[in-house]
Amino acid sequence: MGREYQLFIDGKFCGSKSQETFDTINPFSQEIVAHVARAGVDDVHNAIRAARNAFDNGPWPRMSPTERSAFIKTISDKINERTKSLVALEVEDSGSTIRKAKEDIFLSARCMNYYSKLAAQDFTENIEGLSKPGFAQNLLVHEPVGVVAAIIPWNFPLKMAVWKLGPALAAGNTIILKPSELTPCTAMELAAICSEAGIPNGVVNIIPGFGEDAGEELAKNPLIDKLAFTGSTAVGRKVMAAASASLKKCTLECGGKSANIVLDDADIDLAVDGAMYAIFYHAGQCCEAGSRLLLPEKIYDEFIEKLTRRTKNIRLGDPSDERTDMGPLISHKQQERVLRYIAKGKEEGAKIITGGNTPTAAELTRGFFVEPTIFVNVDNASAIAQEEIFGPVLSVIKYSNDDDAVRIANDSMYGLGGGVWSRDKERAINVTRRLRTGTVWINEWHLISEKAPFGGYKQSGVGREFGVEGLKEYTETKHVHIDEIGIREKKFWYDTVVPKR
Ligand code: NAD
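Quick caveat: nothing in here was measured; it's all calculated off a predicted structure. (Residues numbered from 1 in each chain as written. Predicted model: local features only at pLDDT ≥ 70, side-chain atom pairs only at ≥ 80, totals over all residues. Heavy atoms only, no water.)

Trainee: Before we move on, can you summarise the packing of aromatic side chains with the specific residues and values?
Mentor: Counted by the stated rule, this structure contains 10 aromatic pairs. The interplanar angle of 90° and the centroid separation of 6.1 Å between the aromatic rings of Phe-28 and Phe-369 together place this pair among those described as edge-to-face. Highlighted residues: Phe-28 in the loop between strand S4 (21-25) and strand S5 (32-37) and Phe-369 in the loop between strand S15 (351-354) and strand S16 (373-376), separated in sequence by 341 residues. Of the two residues, Phe-28 and Phe-369, neither departs from the other in class, the shared state being buried. Judged by centre distance (6.2 Å) and plane angle (75°), the ring pair of Trp-163 and Phe-454 falls under edge-to-face. Linking Trp-163 in helix H5 (residues 157-170) with Phe-454 in the loop between strand S19 (441-442) and strand S20 (461-462), this pair joins segments that are 291 residues apart in sequence. An aromatic cluster of three or more residues is present, and its members are Trp-163, Phe-454 and Phe-466. For the cation-ring pair, Arg-38 lies above Phe-210, with the distance from its terminal atom to the ring centre recorded as 4.0 Å. One residue, Lys-398, lies across the ring of Tyr-300, its end atom 4.5 Å from the ring centre. (Phe/Tyr/Trp six-rings, centres within 6.5 Å; stacked < 30°, edge-to-face > 60°. Helix = DSSP H or I, 4+ residues; strand = E, 2+ residues; numbered from the N terminus. Buried < 20%, exposed > 50% of the residue type's maximum accessible area, 1.4 Å probe, protein only. Lys NZ or Arg CZ within 6 Å of the ring centre and 35° of its normal.)

This is the structure:
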């Protein structure tokens, strides 16, 4: 029958002004997961009023950092307490495998715990060397930016929500969060958690809705001080343009086409497994997926033979089954998009060595599956090497030497993730430093931690999430100059414009 979710505005759950609702669909069974109130522009305005009032007049930005920290810790604890139900809901709503969903919920709680610690810290600094001792003190103070609008995608629903909620709250802001229309369920459970945690009214507002109305209004409304967006580069461009009318601060976490470079001295077995993890984790629906695999001539044949053999063993299935390696894509639309790219790859002259179709097994036909697919003979200028497919499709490109690998890797409008596989640390670091991308793993992939800044070079984004750097994206920086001289004749402006007494 499905659950029901309402909007969460000013500490209360309510229907939308228009009474409109939408359904979310289980990508494996196509059953309805939930009926959800659909936030329209009026509801966005209500949420903005609540968040504005909570910021301008409420206790949240004014309470002590330790008090705020305690609230955020409570949210983390409550996520942990509800692990089982949140995991099950994430599997149903997003098609995530249960193995991935367990990780996601654990990491969501850990992320909020991290921000509870940052919330308690004072980042005020002395600006050294600006004034001589005894003349003045100069402070750098970080203050909340105000009302934050957060717009997030569907691939890691709860994780994406806390990646925004954590730093926004830790820095003393109020927030309006719009989850993806495809996966709003765990974000609405987060609303219930915030309510139970006693977060003051209006500090957290969560409004499921669509991009075309609720999202656009959040991006353009001048009463919002900061826009924190995660999604595709195409929509990132739109929201940045909409935000520009009021010069809203923006952080954008967008798409990628990350290059995975295997050097000729790599541990081949390790790198084969790593390359599979890099692209096929969550059926390739990861912003920093290793979707381009760059291989040298010397190990090419052996690598491809092992990669193909192991990829054929990936087990597609019911995402709630622990044995399933890869689940369905999020929607029929996404499945069609991926299949269109596969057709395009063939037209462009690349060759499929495994996959390329939807699976035929009876138990998989209702799910939005695409087989794990590998293209070889890919030209880096082709669409399947330049455009983000966001599905289980790997483009393999041959390179001649390390310089050539770096050139190909950087020949992209994106710059989000990347990897280098080698037994020689110095050589790998040397390649890494030449890659124009926000994160590079050496002999690893997908390791994103709330302690390390994450974000994109080039059209993969603007700004960083995580770490102290990420927290500061949710603050305004104020310089406070405190005079310590107190004597008119010693002021540098004495004898300038102010007339002598
Ligand atoms: P999307 O851009 O279609 O949608 C993202 C969000 O924007 C959704 O909430 C959607 O409702 C909203 N939206 C859509 N149109 C809008 C508009 N005109 N104005 C305001 N909001 C609008 O992305 P998606 O398909 O949900 O997610 C996949 C994309 O997200 C991929 O490109 C992926 O790389 C990216 N992503 C990036 C990161 C990162 O950290 N860099 C993380 C996860 C996903």
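Trainee: Outline the side chain of Ser-96, supporting the account with residue identities and numerical values.
Mentor: Tracing the backbone shows Ser-96 in the loop between helix H3 (83-94) and helix H4 (98-119). Within the local environment of Ser-96, its side chain forms a polar contact with the side chain of Lys-100, the two groups lying 3.4 Å apart. Apart from residues lying up to four places away in sequence, Ser-96 is in contact with Glu-90, Val-91, Ala-101, Asp-104, His-282 and Pro-319. (Polar contact = N/O pair within 3.5 Å; in protein donor to acceptor, adjacent residues only side chain to side chain. Contact = heavy atoms within 4.5 Å.)

Trainee: So what's going on with helix H8 (residues 233-244)? Which residues, and what values?
Mentor: Note: α-helices contain 3.6 residues per turn, so residues at a spacing of three or four share the same orientation. Relative to the 16 Å expected for 12 residues at 1.5 Å per residue, H8 spans 16 Å between its end C-alpha atoms, a close match to the ideal helical length. Of all the positions in H8, only Thr-233, Gly-236, Val-239 and Ala-243 are classed as buried. Along the axis of H8, the buried positions cluster into a sector of 115°, meaning they face one direction only. (Expected span 1.5 Å × (residues − 1). Arc of directions from axis to C-beta.)

Trainee: Mind laying out the domain arrangement of the protein chain, listing which residues take part and the relevant values?
Mentor: Segmenting the protein chain into domains produces domain 1 (12-122 + 145-254 + 456-479) and domain 2 (259-442). Taken together, the 30 residues of domain 1 in the interface contact 37 residues of domain 2. In total, domain 1 and domain 2 occlude about 2900 Å² of area from one another, counting both sides; carbon and sulfur atoms represent 58% of this. For the pair domain 1 and domain 2, the interface holds two salt bridges. A salt bridge links Lys-102 to Glu-322; the shortest N-O distance between them is 2.4 Å. At the boundary of domain 1 and domain 2, one finds 18 residue pairs in polar contact (both at pLDDT 80 or more). Contributions of two or more residues to the side of domain 1 that touches domain 2 are made by H3, H4 and H8. By residue number, the principal contributor to the side of domain 1 that touches domain 2 is H4, which donates six residues. (Domains from an automatic or database assignment. Buried area = accessible area lost by both parts, 1.4 Å probe. Salt bridge = Lys/Arg side-chain N within 4 Å of Asp/Glu carboxyl O.)

Trainee: Quick rundown of the pattern of salt bridges? Include the residues and the values.
Mentor: Scanning the entire structure with this criterion turns up 33 salt bridges. Its salt-bridge partner being Lys-478, residue Glu-143 comes within 2.9 Å of it at the nearest N-O pair. Placement of Glu-143 in strand S7 (residues 136-144) and of Lys-478 in strand S21 (residues 475-483) is noted, with a sequence separation of 335 residues between them. Across the pair Arg-434 and Asp-403 runs a salt bridge whose closest N-O atoms are separated by 3.0 Å. Of this pair, Arg-434 sits in the loop between helix H14 (425-433) and S19 while Asp-403 sits in helix H13 (residues 402-410), and the two are 31 residues apart along the sequence. Through salt bridges with shared partners, one network takes in Asp-269, Asp-273, Glu-302, Lys-306 and Arg-310.

Trainee: Tell me what's going on with the sheet that holds S7, and back it up with residues and numbers.
Mentor: Overall, antiparallel pairing links the three strands, which are arranged S6-S7-S21 in an open sheet. The outermost strands of the open sheet, each flanked by one partner alone, are strand S6 (125-126) and S21. (Pairing = 2+ DSSP bridges.)

Trainee: So what's going on with the site of the ligand? Residues and values would help.
Mentor: Around the ligand, the structure places 28 residues, and the nearest of them are Ile-152, Glu-181, Ser-232, Cys-254 and Glu-388. In the environment of the ligand, an oxygen atom lies 2.6 Å from a nitrogen or oxygen atom belonging to the side chain of Glu-181. Interatomic distance of 2.6 Å between a side-chain N/O atom of Glu-388 and an oxygen atom of the ligand. Partitioning the shell around the ligand into residue classes produces 14 nonpolar, eight polar and six charged. (Near = heavy atom within 4 Å. Nonpolar A, V, L, I, M, F, W, Y, C, P; charged D, E, K, R; others polar.)

Trainee: An account of the packing of helix H2 (residues 65-81) against H5 is requested, with residue identities and associated values reported.
Mentor: Axis angle and axis distance: for two packed helices, these are the angle between their axes and the distance between the axes, and together they describe the pair. Contact geometry of H2 with H5 gives a least axis separation of 10 Å together with a crossing angle of 165°. Classified by the angle between their axes, H2 and H5 sit roughly antiparallel to one another. In this structure, the crossing between H2 and H5 has a hand that is left-handed. Residue-level contacts link Arg-68, Ile-72, Ile-75 and Ile-79 of H2 to Leu-158, Val-162, Leu-169 and Ala-170 of H5. (Axes fitted to C-alpha atoms, helices over the stretch in contact; angles between N-to-C directions. Parallel < 35°, antiparallel > 145°, perpendicular 65-115°, else oblique. Left-handed = near helix turned anticlockwise from the far one by under 90°.)

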